[in-house]
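Read off the chains here:
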Amino acid sequence: ALACYCDSFAATMELDTRALALLPLVLASLAMFLQPAVATHGMPRPSGGFSLRLVPSAGWNSTMHVDNGGFLHPNEQAATTALRPHVHGPRGLTYSVATTVGTGRGRRTYDLVLDTVSSLTWMQCLPIAHPFPQMPPPFNPEISTSFRRVPHGSDLCHKPSRGNDCEFRATRLDGAHASGVLGTETFAFADDGGRAAAAEVGGVVFGCAHTATGFHSHGVLAGVLGLGKLMPSLIWTRLRQHRQDGRFSYCLFGPTRPERHGFLRFGADVPATGHMKSTNILYMRWTSPDFSAYFVKLLGVSVAGKRLAGPPGRRMSELFQRHKSGGRWYGGCLIDPGTGTTTMTQLAYNVLEHAVEEHVKRLGMPLVRRHGYRLCFSGATQAAIPHLPTMTLHFEEGGEDDGDLVIRPQQLFVFVQHDICLAVVPSEHITIIGAMQQVDTRFVYDITAGKIHFAPERCSDDTGGPN
């Protein structure tokens, strides 16, 4: 099953080759849980596809709500009681998967953060030094009958590894770090709500973390489920074992009705893509299991249908290119539902901010300062709201159609009391298309074809639960 948590709008971001340090978070967690059915020993359905449920928890609206127009409103109580040092705005949404791990007495169900940047799944295992809080307690491989250690000579081992263990080290975009030993285990995932038995996958390579720092567990999360584009990502494990087509898909919907749930779909459960636009997944020679993100080529940005020119002497496309300087990689653009909201490299953000400011001020909405936000306006009247601008991201097309992704005002702005604020933040080195700007767009990741397909969709139509 999947759970959804708040992640930060970061004011500045710094990329190491495999680590992006995010500033501390602001609002209390917006928890949306994929409540797992009891995982059985069933295999995937004959079609080779399966879907996981996304169910908002009953307490989601304690931190924010969505109005009738589809705009997000952080609740004032949450904004004033959950402040931490270095505040830089409200959280967006990230997702986790409820995963049953192990067999026999060691079988337990854990919530693991869905991470499309990393291909390595890891979780806390006994024994662990200074564990972060989670529910249930950390996994004990010694009492699981299906746990096996990865051989010391495997290419997946961190070099050098000490003794006979195959060691791993992983650093996430938010700066969290984990290390320990690699093993293989049986993972089972909750079914899609009654159509099929739970999907069970044996021989999943994962990291048993004996040390972890900086991981935001919210008192529940046990680790990370890697869906990056390299081995040993879960998508490649299933592709190898069950001859699937290497696709997964999601359609994020706003938290308007907590009793409804969406789906994360795999294989034959993924919708057809004939009507969708697409862009190519870029091949990066320097990727590794803990940084194997889905980079794409972003050519430019438009506001209210007007293409933005780059700063003096620069083209906009240059601001989104991956480049190497001083032995380190910088820049580039990736798509990640695990990042709460879109971040944009500083020079590109400055151009975007200026264009949005000029457009909104013409609607009679003056600038206003809001703590934790870069650009806010007052006087958001019902007459002005329909004229708020869209933002269009111009990707390199992967087919015959153009690669334009249109972001509606509902995903571009957030209401803070009676003011509206831009929900895009500047980054020092990298551009990430985050979860908030992906709402009401269907995304299909086709790993074997090397493409990401996308199309606007009313994502609430692909939900289950009470009517």
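The rules behind these values
- Here the residue numbers are simple positions, counted from 1 along each chain's written sequence.
- Local features are withheld for residues below a pLDDT of 70 in this predicted model, meaning they are given only at 70 or higher, and side-chain atom pairs are given and counted only at 80 or more; totals for whole chains, interfaces and linings count all residues.
- The basis for every side-chain value is the complete set of heavy atoms in the structure, and neither hydrogens nor water enter the calculation.
- In DSSP terms, a helix is any run of H or I states spanning at least four residues, a strand is any run of E spanning at least two, and both are numbered starting from the N terminus.
- Relative accessible area decides the class of each residue, using a 1.4 Å probe on protein chains only: under 20% of the type maximum gives buried, over 50% gives exposed, and in between gives partly exposed.
- DSSP calls a pair of strands paired once it identifies at least 2 bridges connecting them.
- In protein, a polar contact means a hydrogen-donor-capable atom and an acceptor-capable atom, both N or O and within 3.5 Å, with residues adjacent in sequence counting only if both atoms are side-chain atoms; elsewhere, any N or O pair within 3.5 Å suffices.
- Between two residues, a contact is recorded if the distance between any of their heavy atoms is within 4.5 Å.
- Each residue carries a pLDDT value, the predictor's own confidence for that position, ranging from 0 to 100.
- Stacked, edge-to-face and tilted are the three classes for Phe, Tyr and Trp ring pairs, Trp counted by its six-membered ring, which pair at centre distances within 6.5 Å; planes under 30 degrees apart are stacked, over 60 edge-to-face, the rest tilted.
- We define a salt bridge as a contact between a side-chain nitrogen of Lys or Arg and a carboxyl oxygen of Asp or Glu at a distance within 4 Å.
- Defined by distance alone, a disulfide is two cysteine sulfur atoms within 2.5 Å.

J.: I'd love a proper account of unusual backbone geometry, names of residues and values included.
T.: Trans is the prevailing form of peptide bonds, just as negative phi is the prevailing case for residues other than glycine. A cis amide bond links leucine 126 with the next residue in sequence, proline 127, at an omega value of -5°. Inspection of the secondary structure puts proline 127 in strand 10 (residues 121–129). The omega torsion across methionine 135 and proline 136 is -10°, close enough to zero to call that bond cis. Following the sequence through the fold, proline 136 ends up in the loop between strand 10 and strand 11 (148–149).

J.: Residues and numbers for the pairing of strand 9 (residues 108–115), please.
T.: Of all eight residues making up strand 9, six are buried, and the element is well covered by its neighbours. Bridge count between strand 9 and strand 15 (residues 223–226): four bridges; the pairing is parallel. Bridge pairing in strand 15 places leucine 114 opposite leucine 225.

J.: How would you summarise the side chain of histidine 359 if you had to cite specific residues and measurements?
T.: Among the structural elements, histidine 359 can be located in helix 3 (residues 346–361). Using a relative accessible area of 16% as the deciding quantity, one classes histidine 359 as buried. A polar atom in the side chain of histidine 359 sits 3.0 Å from the backbone oxygen of histidine 387. With sequence-adjacent residues up to four places away left out, histidine 359 is seen in contact with Ala304, His387, Leu388 and Pro389.

J.: So, the sheet that holds strand 28 (residues 403–407): which residues are in play, and what are the values?
T.: On the basis of which strands lie adjacent, the open sheet formed by four strands has the order 21-20-27-28 and antiparallel pairing. Whereas interior strands pair on both sides, the edge strands pair on one side only; in this sheet they are strand 21 (306–307) and strand 28. Looking at chain direction, strand 27 (residues 391–395) and strand 28 are connected through five bridges and run antiparallel. The partner of phenylalanine 395 across the bridge, within strand 28, is glycine 403.

J.: Please give an account of the confidence of the model for the chain that cites residues and values.
T.: With 74% of its residues at a pLDDT of 70 or more, the chain shows a mean pLDDT of 78. Segment residues 55–62 is flagged for pLDDT under 50; beyond a separation of four residues in sequence, or across chains, it makes 26 contacts in the model. Throughout residues 192–197 the model reports pLDDT below 50, and contacts reaching past four residues in sequence, or to other chains, amount to 16 contacts.

J.: Which residues make up the packing of aromatic side chains, and what are the values?
T.: Inspection of the entire model under this criterion finds 15 aromatic pairs. Both rings, one in phenylalanine 248 and one in tyrosine 445, keep their centres 4.6 Å apart while their planes meet at 10°; by these two values the pair is stacked. Placement of the pair is phenylalanine 248 in strand 16 (residues 247–251) and tyrosine 445 in strand 33 (residues 441–446), with a sequence separation of 197 residues. What makes phenylalanine 248 buried here is its relative accessible area of 1%. Members of the aromatic cluster, joined through ring pairs, are Phe248, Tyr250, Phe266, Tyr294, Phe395, Phe443, Tyr445 and Phe454.

J.: Tell me about the pattern of salt bridges, residues and numbers included.
T.: In the structure shown here, the tally under the stated rule is 13 salt bridges. The closest approach of N and O atoms between arginine 314 and glutamate 318, which form a salt bridge, is 3.0 Å. Given the relative accessible area of 26%, glutamate 318 is considered partly exposed. Ionic pairing is found between glutamate 357 and lysine 361, a salt bridge with its closest N-O pair at 3.4 Å. Of this pair, glutamate 357 and lysine 361 both sit in helix 3, four residues apart, which is roughly one turn of that helix. On the accessibility criterion, lysine 361 (36% relative accessible area) is partly exposed. Several salt bridges converge on common partners, so that one network encompasses Arg265, Arg442, Glu457 and Asp462.

J.: Let's hear about the state of the cysteines: which residues, and what values?
T.: Applying the stated criterion across every chain yields a total of four disulfides. Covalent S-S linkage joins cysteine 157 and cysteine 166, the inter-sulfur distance amounting to 2.0 Å. Note on the cysteine 157 and cysteine 166 pair: the S-S dihedral is about -115°, so by sign convention the disulfide is left-handed. Like cysteine 157, the residue cysteine 166 is buried in the burial classification. The disulfide that involves cysteine 376 links it to cysteine 421, with 2.0 Å between the sulfurs. The chirality of the disulfide connecting cysteine 376 with cysteine 421 is right-handed, given an S-S dihedral of about 105°. Remark: cysteine 421 occurs in strand 30 (residues 419–422) and cysteine 376 occurs in strand 26 (residues 376–377); sequence separation between them is 45 residues.

J.: If you had to explain the environment of methionine 436 to someone new, which residues and values would you point to?
T.: With respect to the element layout, methionine 436 can be found in the loop between strand 32 (431–433) and strand 33. Along the sequence, methionine 436 and isoleucine 407 sit 29 residues apart, while their C-alpha atoms lie 9.7 Å from each other.

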